[in-house]
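Here's the letter readout for the chains.
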Amino acid sequence: SYVPETIWKNEDLEKMVDYTYYLGNETQEDVLRIVNSLQQLRQRGYVVAIRPHPLYNTHSKFLFQDTNGLLVEDAKELSIEDSLLRTQHAVSLYSTVLLQAHLNGIEVVVDDVTDQKKYQKLSELRFILADNEVPVLSEIVSK
């Protein structure tokens, strides 16, 4: 089985992004909901990025068209390591990236907005990052 690299150091990389959303294999409708949540953060003055999954990036064309100020990361140009190390908060529903972020001391935010059924299932299965200790997107967006 694949075990990703987990611990990185790059003291030269500044924390220039407040929230980065790491996409998986979401539908276009899910991506629209995600972009809507991220826009709410951006409108409050946060620097927000979205990163399509390198294998499931079927929505990249859509994302590059209308992001209204969201940064769209390109996995070919920005490594996952640098993406994580430059962000304050890693956001996703269920992703290896959340574990990588956690292990590197980066705040994790679990998306409980985009697909509430999947989030509920993860909670029922006791997904370690879907517990009361970890902030969820609905709380961050509604602040």
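Now for a description of the structure that goes with this document. (Residues numbered from 1 in each chain as written. Predicted model: local features only at pLDDT ≥ 70, side-chain atom pairs only at ≥ 80, totals over all residues. Heavy atoms only, no water.)

With that out of the way, let us pick up helix α4 (residues 96–103). Within the sequence span of α4, burial applies to Val-97, Leu-98, Gln-100 and Ala-101. Considered in projection along α4, the buried side chains sweep an arc of 160° and stay on one side of the axis. Lining the buried residues of α4 we find β1 (17–22), α3 (80–85), β4 (87–92) and β5 (107–110). Where α4 starts, the residue carrying a side-chain oxygen 3.0 Å from the main-chain nitrogen of Val-97 turns out to be Ser-95. Once α4 finishes, Gly-105 follows within two positions and takes phi at roughly 75°, a positive value. (Buried < 20%, exposed > 50% of the residue type's maximum accessible area, 1.4 Å probe, protein only. Helix = DSSP H or I, 4+ residues; strand = E, 2+ residues; numbered from the N terminus. Arc of directions from axis to C-beta. Contact = heavy atoms within 4.5 Å. Polar contact = N/O pair within 3.5 Å; in protein donor to acceptor, adjacent residues only side chain to side chain.)

For the rest of this paragraph, the subject is the pattern of salt bridges. If the charged atoms of two oppositely charged side chains come close together, the side chains can form a pair. Tallied over the full model, the rule gives 3 salt bridges. Among the salt bridges present, the one from Asp-30 reaches Arg-33, with a minimum N-O distance of 2.5 Å. Here the residue Asp-30 and the residue Arg-33 both occupy positions in helix α1 (residues 28–43), the gap between them amounting to 3 residues, near one helical turn. For Asp-30, a relative accessible area of 8% translates into the label buried. Put simply, Arg-51 and Glu-73 hold a salt bridge, and the shortest N to O gap is 3.1 Å. With Arg-51 in strand β2 (residues 48–51) and Glu-73 in the loop between β3 (71–72) and α3, this pair connects stretches of sequence that are 22 residues apart. (Salt bridge = Lys/Arg side-chain N within 4 Å of Asp/Glu carboxyl O.)

Summarising the element assignment, Leu-93 is placed in the loop between β4 and α4. Taking the C-alpha atoms as reference, Leu-93 lies 8.2 Å from Lys-118; in sequence the two are 25 residues apart.

Below, the discussion takes up the pairing of β2. Going residue by residue along β2, you find Val-48 and Ile-50 tucked away on one face and Ala-49 and Arg-51 tucked away on the opposite face as well. Two strands pair when backbone bridges link them, and β1 and β2 are joined in this way by 4 bridges, in the parallel orientation. Residue Thr-20 lies in a different strand from β2, and its bridge partner there is Ala-49. The parallel pair β1 and β2 is bridged by α1, and the resulting crossover is right-handed. (Pairing = 2+ DSSP bridges. Right-handed = clockwise from strand over helix to strand, strands pointing away.)

Let's shift gears to the pairing of β1. Among the 6 residues that make up β1, 5 are buried, leaving the element largely enclosed by the rest of the structure. Bridge count between β1 and β4: 4 bridges; the pairing is parallel. By the bridge assignment for β4, Thr-20 is matched with Ala-90.

Across a sheet, strands are paired by hydrogen bonds formed along the backbone, either parallel or antiparallel in direction. Read across the sheet, 5 strands follow the order β3-β2-β1-β4-β5 without closing on themselves; strand pairing throughout is parallel. Every other strand in the sheet has two partners, leaving β3 and β5 as the edge strands with one partner each. Sitting on the sheet, α4 touches β1, β4 and β5, and the angle it makes with β5 is about 150°. (Axes fitted to C-alpha atoms, helices over the stretch in contact; angles between N-to-C directions.)

Here we come to the packing of aromatic side chains. In this description, a pair of aromatic rings is defined by centroid distance and the angle of the planes. Applying the stated criterion to the full structure yields 1 aromatic pair. With 5.3 Å between their ring centres and 90° between their planes, Tyr-19 and Tyr-46 make a pair best called edge-to-face. Separated by 27 residues along the polypeptide, Tyr-19 in strand β1 and Tyr-46 in the loop between α1 and β2 bring together distant segments of the chain. Taking the relative accessible area as the measure of exposure, Tyr-19 reaches 6% and is therefore buried. Residue class for Tyr-46 comes out partly exposed when judged on its relative accessible area of 31%. (Phe/Tyr/Trp six-rings, centres within 6.5 Å; stacked < 30°, edge-to-face > 60°.)

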